Amino acid sequence: MAGRGQARTNGTAASNKICQFKLVLVGEAGVGKSSLVHRFVKGQFRESHVSTIGAVFLTQTVCLDDTTVKFEIWDTAGQEQYHSLAPMFYRGAQAAIVVYDITNTDTFTHRKDSCAKKWVKELRQAIPNIFIALAGNKADLANKRDVDFQEAQSYADDNSLLFMETSAKTAMNVNEIFMAIAKKLPKNEPQGGGSSAGGRARGGVDLQDTAPQGGGGSKCCGGGN
Ligand code: GTP
Ligand code: MG
């Protein structure tokens, strides 16, 4: 497992190619969406559950070999009453992390409206080309496991999802899942080519000479965390 420093380096990647991707996190309330984002952006973990209202926007930048990838992250609320707002936040997203809690099978299977499998279906219907990662969070609570790793892996394989078990608490696979997504997203399509829902380019948007955007994010490659 790579440490936090390995996911980001100081400064932009050597080629100065900069791409921006919209990424949305969805999943049931309490599965750890905000905790994963907080761990990735701030490198911290909070024990308390402060339910997200609507959605929270953050940014984080990672450096690949030849490209700097800036994520515009929308951390959505999992509570049922906010579900109808979700399309507003995932519209135009190039990537999503669908999160479930490995200690609660209801957050993975179809039993509730907002379980991981329902979210995968909804996202695919709304944005056919979206890249989806599945995160089985709270992997540190293995003694309370309720979702079998192999079952989730098979589901991910069958549905062409990137799959990792993660722990926002221990940081296990948190940087890794974002890095894996960054690697998978297309970097070479010209801006405006192949739009998805919301009119955003399917590929990375070249941000060369574009001022950094605000929104509670961090500086490139972890330098400002
Ligand atoms: P909503 O905003 O209501 O949709 O919830 P959320 O999915 O954003 O969950 P949140 O990140 O607020 O975490 C819910 C609770 O789970 C908090 O008490 C966290 O401390 C805890 N939690 C989150 N991730 C982990 C983890 O990896 N391991 C453990 N043990 N607890 C976690
Ligand atoms: Mg939240």
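Residues numbered from 1 in each chain as written. Chains lettered and ligands numbered in written order. Predicted model: local features only at pLDDT ≥ 70, side-chain atom pairs only at ≥ 80, totals over all residues. Heavy atoms only, no water.

Engineer: Whenever I open this one, the overall build of the protein confuses me. Can you help?
Structural biologist: What the protein contains, in helices and strands, is six helices and seven strands. Scanning the protein from its N terminus toward the C terminus, one meets helices and strands in the order α-β-α-β-β-α-β-α-β-α-β-α-β. Counting the 225 residues in the protein, one finds 52% classified as buried. Taking as baseline every contact in the protein between residues at least 6 positions apart, the subset at least 24 positions apart corresponds to 75%. Carbon and sulfur atoms form 48% of the exposed surface of the protein, whose accessible area is close to 10000 Å². (Helix = DSSP H or I, 4+ residues; strand = E, 2+ residues; numbered from the N terminus. Buried < 20%, exposed > 50% of the residue type's maximum accessible area, 1.4 Å probe, protein only. Contact = heavy atoms within 4.5 Å. Areas by Shrake-Rupley, 256 points an atom, 1.4 Å probe, with all protein chains shown as cover.)

Engineer: Please explain the side chain of Thr166 as it appears in this structure.
Structural biologist: The topology assignment puts Thr166 in the loop between β6 (162-165) and α6 (174-184). Given the relative accessible area of 0%, Thr166 is considered buried. Of the polar contacts made by the side chain of Thr166, one reaches the side chain of Asn137; its length is 3.0 Å. (Polar contact = N/O pair within 3.5 Å; in protein donor to acceptor, adjacent residues only side chain to side chain.)

Engineer: Where do I start with the coordination of the magnesium ion (ligand 2) in this structure?
Structural biologist: Reference geometry at the metal: tetrahedral coordination by four donors gives ideal angles of 109.5 degrees; octahedral coordination by six donors gives 90 or 180 degrees. Protein coordination of the magnesium ion (ligand 2) is provided by Ser34 (OG) and Thr52 (OG1), with donor distances spanning 2.0 to 2.1 Å. Of this pair, Ser34 sits in helix α2 (residues 33-42) while Thr52 sits in the loop between α2 and β2 (55-63), placing them 18 residues apart in sequence. Each member of the pair Ser34 and Thr52 is classed as buried. (Donors = N, O, S within 2.8 Å, 3.2 Å for Na, K, Ca; no water.)

Engineer: How do you make sense of the site of ligand 1 when you look at a structure like this?
Structural biologist: The environment of ligand 1 is made up of 24 residues, and the closest members are Ser35, Arg46, Glu47, Gly78 and Asp140. Here Ser167 contributes a side-chain N or O atom positioned 3.5 Å from an oxygen atom of ligand 1. Relative to its unbound accessible area of 650 Å², ligand 1 is 93% covered by the protein chains. Here ligand 1 is seated within the largest pocket. No other element matches α2, which puts three residues into the shell around ligand 1. Counted by class, the shell around ligand 1 contains six nonpolar, eleven polar and seven charged residues. (Near = heavy atom within 4 Å. 1 Å grid on protein atoms, 1.4 Å probe; cavity = no way out; pocket = protein on both sides within 12 Å on 5 of 7 lines; lining within 4 Å. Sits in = over half its atoms within 2 Å of the grid points. Nonpolar A, V, L, I, M, F, W, Y, C, P; charged D, E, K, R; others polar.)

Engineer: What is the right way to look at unusual backbone geometry in this model?
Structural biologist: Keep in mind that most residues, glycine aside, have a negative phi and that most peptide bonds are trans. Positive phi is not limited to glycine here, since Ala171 has a value of about 80 degrees. Along the chain, Ala171 falls in the loop between β6 and α6. On the accessibility criterion, Ala171 (25% relative accessible area) is partly exposed. Not every positive phi belongs to a glycine, and Asn173 is a case in point at roughly 60 degrees. With respect to the helices and strands, Asn173 occurs in the loop between β6 and α6.

Engineer: Looking at this model, I keep getting lost on the environment of Leu25. Mind explaining?
Structural biologist: With respect to the element layout, Leu25 can be found in strand β1 (residues 17-27). For Leu25, a relative accessible area of 0% translates into the label buried. Sequence separation of Leu25 and Leu134 is 109 residues, and the distance between their C-alpha atoms is 9.9 Å. The contact partners of Leu25, leaving out residues within four places of it in the chain, are Lys33, Leu36, Val37, Ile73, Trp74, Asp75, Thr76, Ile97 and Val99.

Engineer: Can you walk me through the environment of Ile177 in this structure?
Structural biologist: One can find Ile177 in helix α6. In contact with Ile177, not counting residues within four places along its chain, are Ile97, Ala133, Leu134, Ala135, Leu162, Met164 and Thr166.

Engineer: Help me understand α6 in this model?
Structural biologist: The α-helix winds at 3.6 residues per turn, so residues separated by three or four positions along the chain end up facing the same way. Of all eleven residues in α6, nine are buried; the element is thus mostly enclosed. Among the residues making up α6, those that are buried are Val174, Asn175, Glu176, Ile177, Phe178, Met179, Ala180, Ile181 and Ala182.

Engineer: Is there a simple way to think about the pairing of β1 in this case?
Structural biologist: Regular strands place their side chains on alternate faces of the sheet. Burial within β1 is extensive, with ten of its eleven residues counted as buried. Inspection of the sheet shows β1 paired to strand β3 (residues 67-76) by nine bridges, in the parallel sense. When the bridges of β3 are listed, Leu25 appears paired with Asp75. Relative to strand β4 (residues 95-101), β1 is paired through five bridges, and the arrangement is parallel. By the bridge assignment for β4, Leu25 is matched with Ile97. (Pairing = 2+ DSSP bridges.)

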